[in-house]
Amino acid sequence: SLLRSRRHDPREQLSWDDGPDHAYDALWRAARTRNLVLGVRSPANLAWRFVEAPGPRHRFVSLRAGGAVRAYAVVQTHVDVIYVRDLFGVDAAAVGDLLDRLLDDLRAEGARAVSINHFGASWLPALLVARGFRPREEQRAILVDAGQDARLPPEALRSPEAWYFTDFDEPG
């Protein structure tokens, strides 16, 4: 079941959009400095993957403070089940705040279940479990090859705590 959320910061607003706007770019630029192993989440790549590609409609949900995007989710609805295809933020606290508000909105819309695929750092599964999510029994493997021109330190490539993959990173 979807758990009730915590108190919301009144300075932050949840925004439902058809696609990413220019404010997503600052979030991506900040993320690039964190030595994470992840796909390029620029506004252009997000639009290519979730707006311009054929297939089901995706909605973008962003948590904003003063116009800046602190976190976002890309969701797809199938009847009363919501699939979170991407979830990203400036830090774990911002992602948690977004989840709290998002789950409130989805509950109000009649969502029966919410599903997300993630592979990598343990902080995200911990946030999800704290909000009533349950891990699946199945486990998937992922292979990472940064190539010869990698700009990441080798320890980031070897540590799953530095990895961040969602459905965004799956071949379309």
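Residues numbered from 1 in each chain as written. Predicted model: local features only at pLDDT ≥ 70, side-chain atom pairs only at ≥ 80, totals over all residues. Heavy atoms only, no water.

### As for the sheet that holds strand β4 (residues 81-89)
Argument step 1. Spatially, β1-β2-β3-β4-β5 is the arrangement adopted by the five strands of the open sheet, whose pairing is mixed. Every other strand in the sheet has two partners, leaving β1 (12-17) and β5 (113-116) as the edge strands with one partner each. Strand-to-strand twist across the sheet, computed as the mean angle between neighbouring axes with direction ignored, equals 30°.
Argument step 2. Where helix α1 (residues 23-31) meets the sheet, its contacts fall on β2 (59-65), β3 (68-78) and β4, and the angle it forms with β3 comes to roughly 105°. (Pairing = 2+ DSSP bridges. Helix = DSSP H or I, 4+ residues; strand = E, 2+ residues; numbered from the N terminus. Axes fitted to C-alpha atoms, helices over the stretch in contact; angles between N-to-C directions. Contact = heavy atoms within 4.5 Å.)

### Structural notes on the packing of aromatic side chains
Aromatic rings considered in pairs are described by the distance between their centres and by the relative angle of their planes.
Argument step 1. Across all of its chains, the model carries eight aromatic pairs by this definition.
Argument step 2. Ring centres of Phe119 and Trp163 lie 5.9 Å apart, and the angle between their planes is 25°; this geometry places the pair in the stacked category. In this pair, Phe119 is assigned in strand β6 (residues 119-120) and Trp163 in the loop between α5 (154-158) and β7 (164-165), connecting sequence segments 44 residues apart.
Argument step 3. Relative accessible area serves as the criterion here: at 11%, Trp163 is assigned to the buried category.
Argument step 4. Taking the centre distance of 6.0 Å and the plane angle of 20° together, the rings of Trp123 and Tyr164 count as stacked. (Phe/Tyr/Trp six-rings, centres within 6.5 Å; stacked < 30°, edge-to-face > 60°. Buried < 20%, exposed > 50% of the residue type's maximum accessible area, 1.4 Å probe, protein only.)

Fair warning: the whole summary comes from geometry, so function is off the table for now.
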